[in-house]
Amino acid sequence: MTLLPFPDAVHVRAPGKINVYLGVGDRHDDGYHALATVFQAVSLYEDVIARPSDDFSIVVKGAVDPASVPLDDRNLAMRAAKLLATATGHDGGVALELRKSVPVAGGMGGGSADAAAALLACDALWGTGLSSARLHELATRLGADVPFALHGGTAVGTGRGDQLNPALARGRFDWVLVTSDEGLSTPVIYQRLDEQRARGEALADDPPLSLDVPIPVLQALRAGDPHSLAACMHNDLESPALEERPVLEEIIREGLGAGALSGIVSGSGPTVAFLCDTPESARYVQDQLEAQGREALHVHGPVSGARILSA
Ligand code: C5P
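Calculation criteria
- Residues numbered from 1 in each chain as written.
- Predicted model: local features only at pLDDT ≥ 70, side-chain atom pairs only at ≥ 80, totals over all residues.
- Heavy atoms only, no water.
- Core = buried A, V, L, I, M, F, W, Y, C linked by side-chain atoms within 4.5 Å.
- Buried < 20%, exposed > 50% of the residue type's maximum accessible area, 1.4 Å probe, protein only.
- Helix = DSSP H or I, 4+ residues; strand = E, 2+ residues; numbered from the N terminus.
- Contact = heavy atoms within 4.5 Å.
- Domains from an automatic or database assignment.
- Buried area = accessible area lost by both parts, 1.4 Å probe.
- Salt bridge = Lys/Arg side-chain N within 4 Å of Asp/Glu carboxyl O.
- Pairing = 2+ DSSP bridges.
- Axes fitted to C-alpha atoms, helices over the stretch in contact; angles between N-to-C directions.
- Near = heavy atom within 4 Å.
- Polar contact = N/O pair within 3.5 Å; in protein donor to acceptor, adjacent residues only side chain to side chain.
- Areas by Shrake-Rupley, 256 points an atom, 1.4 Å probe, with all protein chains shown as cover.
- Nonpolar A, V, L, I, M, F, W, Y, C, P; charged D, E, K, R; others polar.

Attention shifts here to the nonpolar core. In terms of nonpolar packing, the biggest core is built from 41 residues, with Val 94, Leu 96, Leu 119 and Trp 126 touching the most fellow members. Sorting the residues of this core by element identifies strand S1 (10-27), strand S2 (33-53), strand S3 (56-62), helix H1 (76-88), strand S4 (93-100), helix H2 (110-126), helix H3 (132-142) and helix H4 (146-151) as the ones contributing at least two each. By residue number, the principal contributor to this core is H2, which donates 12 residues. Not counting residues within four places of it along the chain, the set of residues in contact with Leu 119 comprises Ala 80, Leu 84, Leu 135, Leu 138, Ala 139 and Leu 142. Counting 26 residues, the second largest nonpolar core, distinct from the first, contains Val 38, Leu 44, Val 213 and Ala 220.

Set out below in structure tokens:
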């Protein structure tokens, strides 16, 4: 695509994610844990609009409580814009508008999607023209999930979750997400997992010996078979998330009772993701959960990563 040197606005869309499989290893000295994970990008999106400005600012719109989103340097999109400016020597700013649909602190990488979208949007707005390898490198510095939000699709993540390899996934997987009004802190959930393991709980005597994604997970994705995938979905962060938020266990029971193939806490939670065998069964599970007073969304994956919608 040929972009004009100075567009008035750049609109980028980036997806939220589900960790279909998440194996957590030991904590390293940098505070991060070794991971073996499979991400799938799903059709719940963050939209970021970047407009020229002399300084850096953010406004938040969308289906979230704006008060729950910081507007300063704690915001990953703000950090992304400033990192790109520093890395490229660009001396202007940007006014970012975040239209959020992914739950805040929900375990679906919403903040990471904002950061990925902001990188791409500012790169186009400022005409800095970074290669995808360089954008990936900046994304890695912003957070473990940011590279995947750029990448999208279905991918195996190793290292801190930021070393990505595409995974073949056929067809479409239907998911029902149950969101919570109150988020969970990712560092707290990792900390709880360490504590559970130290107490001899949560697979303490059986941490993954080799941190690999099990072959059946990759086979099920390749076959596009939700039944096989449902049988091998797993999340090591589920146990600490359930300890922190016991109602999630009830929600998982409700979704399974409504006919979902499997239910799993997404990332560090508290969003619960239910895999369903068809779009129709997902709509039924969604209706049943809503009838029980839950906030439920029907999404599908895989979808593409951050992309420019207009410039
Ligand atoms: O990279 P991100 O900002 O998303 O990570 C948030 C926190 O989650 C980290 O500061 C760390 O406490 C925890 N984390 C971890 N191991 C990972 C990813 C995240 O311990 N691989």
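This part covers the domain arrangement of the protein. Looking at the protein, the domain boundaries give domain 1 (10-167) and domain 2 (173-301). A separation of 22 Å is found between the C-alpha centroids of domain 1 and domain 2. If you look at the interface, domain 1 gives 30 residues, while domain 2 gives 38 residues. Contact between domain 1 and domain 2 buries roughly 2,600 Å² in total, counting both sides, with carbon and sulfur atoms accounting for 64%. Together, Val 20, Tyr 21 and Val 24 form the three largest contributors to the area buried by domain 1 at its contact with domain 2, with a combined 23%. Counting every contact that joins domain 1 to domain 2 gives one salt bridge. A salt bridge links Asp 194 to Arg 27, with the nearest nitrogen and oxygen atoms 2.8 Å apart.

It is worth spelling out the sheet that holds strand S7 (residues 173-179) at this point. The antiparallel open sheet is built from four strands, whose spatial order is S9-S10-S7-S11. Each end of this open sheet is capped by a strand with a single partner; those strands are strand S9 (262-265) and strand S11 (295-301). Across the sheet, the mean angle from the axis of one strand to that of its neighbour is 25 degrees, orientation sign disregarded.

This part covers the site of the ligand. Near the ligand, the surroundings consist of Gly 31, Tyr 32, His 33, Leu 35, Gly 143, Ala 144, Arg 160, Thr 186, Pro 187 and Tyr 190. At a separation of 2.7 Å, an oxygen atom of the ligand approaches a polar side-chain atom of His 33. Arg 160 places a main-chain nitrogen or oxygen 3.0 Å from a nitrogen atom of the ligand. Protein coverage of the free-state accessible area of the ligand, which is 450 Å², stands at 78%. For the shell around the ligand, the elements supplying multiple residues, two or more each, are S2 and helix H5 (186-198). Among the elements that take part in the shell around the ligand, H5 stands out by supplying three residues, more than any other. Here the shell around the ligand is composed, by residue class, of five nonpolar, four polar and one charged. If you count residues domain by domain, the shell around the ligand takes at least three from each of domain 1 (10-167) and domain 2 (173-301).

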